[in-house]
Amino acid sequence: MERYILPEIPDYHKLEVYEQHGGYAALKKALGMKPEEVTDEVKKSNLRGRGGACFPTGLKWTFMPKQTTKPKYLCVNGDESEPGTFKDRQIFEFNPHLLIEGTAIACCAMGITTAYIYIRGEYGKWIKMLQKALDDAYVKGYVGENILGSGFSTNIYLHKGAGAYICGEESALMNSIEGQRGYPRVRPPFPAQNGVWGCPTTINNVETISNVPLIINRGWEWYSKIGSPKHPGPILVGVSGHVNKPGVYEVATGELLTDLIYRYAGGIPGDTKIKALIPGGSSTMILRGDALEGVRMDAESLKAAGSSVGTAGMIVMDENTDLIRVITRIAKFYYHESCGQCTPCREGTGWLWKILKRFETGDGQTSDIDLLMDIANNIEGNTICALGDAAAWPVQSMIRRFRDEFEKRVSKTPNGSPEPSDRNRHAEKTATVSL
Amino acid sequence: MLTEENLKKVDELRKRYPKSQAALLPVLWIAQEQEGWISEDMMRHIGTMLNLPFGHVLGVVTFYTMYNSAPKGKYHIEICTNVSCMLRGSDKILEAVEHRCGAKPGQTSADGKWSVSEVECMGACGGAPMLAIGEEYYENLTPDKTERLLESLK
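This one's a predicted model, so the numbers in the text were calculated from it and none came from an experiment.

(A) Seen up close, the overall build of chain A. Helices and strands together make up the secondary structure of chain A, namely 18 helices and 11 strands. A compact globule built from 435 residues would reach a C-alpha radius of gyration of about 22 Å, and chain A, at 22 Å, matches this within 12%. Projected onto the principal axes, the alpha-carbon positions of chain A cover approximately 75 × 45 × 35 Å. Here chain A, with 435 residues, has 63% of them falling under the buried criterion. Residue pairs at least 24 apart in sequence account for 70% of intrachain contacts in chain A once pairs closer than 6 positions are excluded. Counting only carbon and sulfur atoms, one obtains 51% of the accessible surface of chain A, whose full area is about 16,000 Å².

Following this line, the structure appears as structure tokens:
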């Protein structure tokens, strides 16, 4: 497939190169359209959010009130902290103007005069790259006052996070922009009514926004024919873990997972089998390696397979992987990142981690397996935001699909782990984590 | 306290937001870049500047893991041990760092040269295992490469 988000053109991050290849033509086109026409184009294209929830982007834009005395805001989510996800970083580095152009178009469609692109603090180097591109765009009049003489003005600012996974959650992100701790908010009210500073706000993922210029340039009909009809478009898939060529691959949605692993990412080192796969970042349900045949990278296919697209960050695990160690590490992550507002998540994530550590050292009880499931079930759906669900799903799916791995660790002599002494050291070391 | 030059940056920053509280995260970044960490005095200084109670500033500093509320060593080494890195041997990288630096995660070496942190996913899973020093990412590491990297830092 031709690459649209990450084209193979040298120096594409530079404004003049981007312009030479038709850059900012979509913005010019959008400025000549009525705002609702722009939104309608995005709506008809069937573009769905690339941040994890696959929510229809055009529909989300229509939630913004047309008649309001308050300023409206766009927040572009580049917090990208979901383990296994490293796609937006490619956009900041290799195609920053596509993101800036998409942001300006989205502002134009919704009548927004201020946009913030929120980027995780660890990406300091990439923030500078994007800032350079943004400065160039300001100089050329693609952003700022009276854009290209259209009379429409919008400012785009970069806002640097400071190390908190939870700030990728849209309402926590808004609180973080406001200069607060990244605590998710209770909804309703939803951001389109009551977002940053109580004003109408839309939050879109970096990759989602980067799809917008493509749609405006070539039209919704063209776009909606790329990949899977119900979840169309190009998608950036990150492949990591046990593959020969880990990296970000741009494909059309609907690509076979097995093709992504074997054709794009070069297969498994040593030609071993796949034991398990996390298809879309650590929050998505883990799949068995022997159940990947025919499963595709799109919302419908992965749902049918018992998981979800998430951020399309695939983590591949070969047949020698100690899955108990994997799930214990994932549980530790959610325990560390829980913001602490809701009791089920704050306490539950810690309990999951503690009990899983027992299995890691071979000290699990048979009853602990049900206890883990019980705790996970009591977190799921009982918290303000989806971090609780994200902590529960990996544990639930791991038990459902790999119960035997847990049962093996109940015995006094654990097997299946390559380096037991190393494992113990890891458990000791992580015991000092505090919230 | 913040330098004259940085105070000017703060004034510019405030224009980006309708309320001054929103400038808190960026101003804390400026403070940390200036001093390497954020002291309680600095937090009070920033609180006064943005009209925020000290408790709010402290709350924010302690919530976000990247703000240092204590001084760090000359080089702050952050090693990712999350799943993608773990699957590709981040344990061995951490071991090499601990061995070379004489500090465990959360510690600073006695000579003040190294601070070591074990961190969550840094978004470099395609280059796992990795570590970061400041804004620089070092990817596709082996224990040998790690040794050589640390050796090169004077």
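(B) Expanded view of the sheet that holds strand S3 (residues 131-133) of chain B. Residues and elements named next belong to chain B. With mixed pairing, 4 strands are arranged side by side in an open sheet as S2-S1-S3-S4. Strand pairing shows two members of the sheet lacking a second neighbour, strand S2 (114-119) and strand S4 (136-138), which therefore form its edges. Strand-to-strand twist of the sheet, defined as the mean angle between neighbouring strand axes without regard to direction, takes the value 25 degrees. Inspection of the sheet shows S3 paired to S4 by 3 bridges, in the antiparallel sense. The partner of Ala 132 across the bridge, within S4, is Tyr 137. Running over the sheet, helix H6 (residues 90-101) touches strand S1 (75-80), S2 and S3 and is turned about 160 degrees from S1.

(C) Fine view of the domain arrangement of chain A. Residue and element names in this part refer to chain A. Segmentation of chain A into domains returns domain 1 (15-225), domain 2 (231-318) and domain 3 (323-430). Residue-level contacts link 12 residues of domain 2 with 15 residues of domain 3. Linking domain 2 with domain 3 are 1 salt bridge, by the criterion used here. Here Glu 405 and Lys 275 are joined by a salt bridge, their closest N and O atoms 3.3 Å apart. Counting across the domain 2 and domain 3 interface gives 7 residue pairs in polar contact (both at pLDDT 80 or more). Contributions of two or more residues to the side of domain 2 that touches domain 3 are made by strand S9 (274-278) and strand S10 (287-288). Of the residues belonging to the side of domain 2 that touches domain 3, the class tally is 7 nonpolar, 3 polar and 2 charged.

(D) Region of interest: unusual backbone geometry. Cis rather than trans, the peptide bond between Pro188(A) and Pro189(A) has omega equal to 5 degrees. In this chain, Ala128(B) is followed by Pro129(B) through a cis amide linkage whose omega measures -5 degrees. Among the structural elements, Pro129(B) can be located in the loop between S2 and S3. Its identity as a non-glycine residue notwithstanding, Trp197(A) has a phi of 50 degrees, on the positive side. Residue position: Trp197(A) is located in the loop between helix H8 (170-177) and strand S4 (201-205). Note on Trp197(A): relative accessible area 14%, which makes it buried. With a phi angle near 50 degrees, Asn140(B) is a residue other than glycine that sits in the positive phi range. Relative to the helices and strands, Asn140(B) resides in the loop between S4 and helix H7 (143-152). Overall, the relative accessible area of 42% leaves Asn140(B) in the partly exposed class.

Rules behind the numbers
Residues numbered from 1 in each chain as written. Chains lettered and ligands numbered in written order. Predicted model: local features only at pLDDT ≥ 70, side-chain atom pairs only at ≥ 80, totals over all residues. Heavy atoms only, no water. Helix = DSSP H or I, 4+ residues; strand = E, 2+ residues; numbered from the N terminus. Rg over C-alpha atoms; globule rule 2.2 N^0.38 Å. Buried < 20%, exposed > 50% of the residue type's maximum accessible area, 1.4 Å probe, protein only. Contact = heavy atoms within 4.5 Å. Areas by Shrake-Rupley, 256 points an atom, 1.4 Å probe, with all protein chains shown as cover. Pairing = 2+ DSSP bridges. Axes fitted to C-alpha atoms, helices over the stretch in contact; angles between N-to-C directions. Domains from an automatic or database assignment. Salt bridge = Lys/Arg side-chain N within 4 Å of Asp/Glu carboxyl O. Polar contact = N/O pair within 3.5 Å; in protein donor to acceptor, adjacent residues only side chain to side chain. Nonpolar A, V, L, I, M, F, W, Y, C, P; charged D, E, K, R; others polar.

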